[in-house]
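Residues per chain, in single letters:
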Amino acid sequence: MNTLQDRFGRSIDYLRLSVTDRCDLRCSYCIPKGFKDFEEPEYWLTFEEITRVVAAFVRLGTRRVRLTGGEPLLRRNLPQLAASLAALPGLQDLSLSTNATQLARHAESLHAAGVNRVNVSLDSLRRECVNSITGHDSLPQVMAGLQAAKAAGLSPIKINMVAMKGVNEADIETMVGFCIEHGFILRLIEAMPMGDTGRNTSYLDLQPVLEQLRQRFDLLPQSLELGGGPARYWRSTDGAFTLGVITPISQHFCATCNRVRLSVDGTLYMCLGQEERFALRPLLRAGISDAGLEMAIREAIELKPERHEFREKPGKLIRIMSMTGG
Ligand code: SAM
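The structure displayed is predicted, hence computed values, not measured ones. (Residues numbered from 1 in each chain as written. Predicted model: local features only at pLDDT ≥ 70, side-chain atom pairs only at ≥ 80, totals over all residues. Heavy atoms only, no water.)

Peer 1: Where do I start with the sheet that holds strand S3 (residues 93-98) in this structure?
Peer 2: A sheet is described by the order of its strands in space; here twelve strands give the open sequence S7-S8-S9-S6-S5-S4-S3-S2-S1-S10-S11-S12, paired in mixed fashion. Both edges of this open sheet fall to strand S7 (219-221) and strand S12 (277-279), since each of them pairs with a single strand only. Between one strand axis and the next, the sheet turns by 25° as a mean value, whatever way the strands run. With four bridges connecting them, strand S1 (residues 14-18) and strand S10 (residues 259-262) associate as parallel partners. In the strand pairing of S10, tyrosine 14 is matched with arginine 259. (Pairing = 2+ DSSP bridges. Helix = DSSP H or I, 4+ residues; strand = E, 2+ residues; numbered from the N terminus. Axes fitted to C-alpha atoms, helices over the stretch in contact; angles between N-to-C directions.)

Rendered as structure tokens:
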């Protein structure tokens with residue numbers, strides 16, 4: 001079988017696909033307030049172009065694709081794209097990352113189109129805290145979105161919570177209770193120094209947090225992969241609660257990195273924290289063949305760096321998360 005391997009022997013079988021760099025929220029660690037530098041629509045890959053690129057990745061062994069952004073639900077007719085991707089022979093897992101403000105309207109059509117699971121960003125269950133982090137009073141819509149996702153049969157549902165010192169650190173325990181009650185998997189994420197917004201975020205080391213939660217909820221490490229991503233998972237002995245921790249700063253996981261990201265303008269980014277990239281749009285618009293596209297992807301993978309340097313060089317990256325596709 002065809003597979004993609006980088007210079008460090010890592011298999012690349014996971015593509016994160018940004019369908020827009022726009023978002024209806026302004027999370028304090030992501031898009032700055034007043035930000036205007038969004039990609040021009042003429043440079044957005046069309047659904048046909050995206051499907052061609054994803055099909056090439058799938059022929060090269062990619063088995064999992066995640067729709068992300070910006071906020072992916074802002075891209076019009078997303079279920080139509082999801083359906084074309086889900087129909088690609090060989091693709092096993094099509095998932096979505098969303099802030100869920102519009103999920104109530106779209107959950108059912110996305111599930112019907114072939115999206116099987118969803119990750120929802122939610123940093124607190126306190127309305128005023130969500131308002132202050134996201135710049136919008138969005139908690140009621142997010143709750144409605146979560147309910148709709150559950151009703152539509154999207155499973156598992158994971159909650160992505162960026163944990164910040166002095167901001168929502170004290171909300172972690174309430175969030176655990178909420179996830180247990182609803183059968184959601186909680187994933188705690190360390191803030192990354194992406195752009196000034198990311199750098200100005202009050203970092204919380206998740207190692208001590210994990211230690212406390214382990215004791216409090218009797219958590220055991222899970223060896224099984226729950227999504228093939230960077231999270232390390234823990235489960236309570238009674239099986240009622242699953243916790244994922246994503247620790248790019250305190251314990252990076254670059255050695256097992258299996259992904260690249262395609263941004264809305266058709267640029268392949270090799271690492272969230274580095275500049276290596278490869279522009280596919282000019283090739284697509286110049287009429288490259290399928291074989292040529294596969295060769296270009298192989299060439300791009302050669303550029304994948306060994307690791308990010310968030311810790312050593314936190315000032316390095318001016319690109320905010322939504323530009324690459326989080
Ligand atoms: N809008 C979608 C969502 O909310 O999931 C998809 C894109 S969003 C950029 C993806 C994830 O990146 C979110 O969970 C968000 O919290 C996270 N994120 C954005 N900037 C971050 C940063 N500087 N550090 C850590 N996580 C960040």
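Peer 1: Help me understand the pattern of salt bridges in this model?
Peer 2: Side-chain pairs of opposite charge can arise where the charged atoms are in close proximity. For the structure on display, the rule yields 17 salt bridges. Among the ionic pairs, arginine 285 bridges to glutamate 49, the shortest N-O distance being 2.8 Å. You can see arginine 285 sitting in helix H9 (residues 281-285) and its partner glutamate 49 sitting in helix H1 (residues 47-59), a full 236 residues away along the chain. Under the relative-accessibility criterion, glutamate 49 is labelled buried at 13%. The closest approach of N and O atoms between aspartate 137 and arginine 127, which form a salt bridge, is 2.8 Å. One end of the pair, aspartate 137, is in the loop between helix H4 (127-134) and helix H5 (139-152); the other, arginine 127, is in helix H4, and ten residues separate them in sequence. If you follow the salt bridges from partner to partner, you end up with Arg126, Glu128 and Asp171 in one network. (Salt bridge = Lys/Arg side-chain N within 4 Å of Asp/Glu carboxyl O. Buried < 20%, exposed > 50% of the residue type's maximum accessible area, 1.4 Å probe, protein only.)

Peer 1: Whenever I open this one, the site of the ligand confuses me. Can you help?
Peer 2: In the neighbourhood of the ligand, 18 residues make up the surrounding shell, with Tyr29, Gly70, Glu71, Ser121 and Met192 lying closest. Contacts to the ligand include glutamate 71, whose side-chain N or O atom sits 3.0 Å from a nitrogen atom. A distance of 2.8 Å separates an oxygen atom of the ligand from a polar atom in the side chain of serine 121. For the shell around the ligand, the elements supplying multiple residues, two or more each, are S3 and strand S5 (157-163). Split into classes, the residues belonging to the shell around the ligand amount to six nonpolar, ten polar and two charged. (Near = heavy atom within 4 Å. Polar contact = N/O pair within 3.5 Å; in protein donor to acceptor, adjacent residues only side chain to side chain. Nonpolar A, V, L, I, M, F, W, Y, C, P; charged D, E, K, R; others polar.)

Peer 1: Just checking my understanding: could you explain the side chain of arginine 259 for this structure?
Peer 2: Within the secondary structure, arginine 259 sits in strand S10. Despite its burial, arginine 259 pairs with no opposite charge, the nearest such side chain being aspartate 13 at 7.7 Å. In this structure the side chain of arginine 259 is engaged in a polar contact, spanning 3.2 Å, whose partner is the side chain of asparagine 258. (Lys, Arg positive; Asp, Glu negative; His and termini not counted.)

Peer 1: For this particular structure, what's the right way to read the state of the cysteines?
Peer 2: By definition, a disulfide is the covalent link that joins the sulfur atoms of two cysteine residues. In total, this model carries zero disulfides according to the counting rule given. This cysteine, cysteine 30, is not joined by any disulfide, and cysteine 27 carries the nearest cysteine sulfur, 6.4 Å off. Not engaged in a disulfide, the cysteine cysteine 257 finds its nearest cysteine sulfur in cysteine 254; these two sulfurs lie 6.7 Å apart. (Disulfide = S-S within 2.5 Å.)

Peer 1: Looking at this structure, I do not really get helix H8 (residues 206-217). What am I missing?
Peer 2: Structurally, the α-helix is built with 3.6 residues per turn, so residues lying three or four positions apart point the same way. Taking 1.5 Å as the rise per residue, H8 with twelve residues should run 16 Å; its terminal C-alpha atoms sit 16 Å apart, in good agreement. Looking only at H8, the buried set comprises Leu206, Val209, Leu210, Leu213 and Phe217. Within H8, the buried residues cover an arc of 100° as seen down the axis, which keeps them to one side. Facing away from the buried side of H8 by more than 90 degrees, the exposed set consists of Gln212 and Gln215. Here the buried face of H8 lies against S5, helix H6 (172-182), strand S6 (185-190), S7, strand S8 (232-236) and strand S9 (242-246). Two or three places before glutamine 207, at the opening of H8, aspartate 205 has a side-chain oxygen 2.9 Å from that residue's backbone nitrogen. Downstream of H8 by a residue or two, aspartate 218 has a phi angle that is positive, lying close to 55°. (Expected span 1.5 Å × (residues − 1). Arc of directions from axis to C-beta. Contact = heavy atoms within 4.5 Å.)

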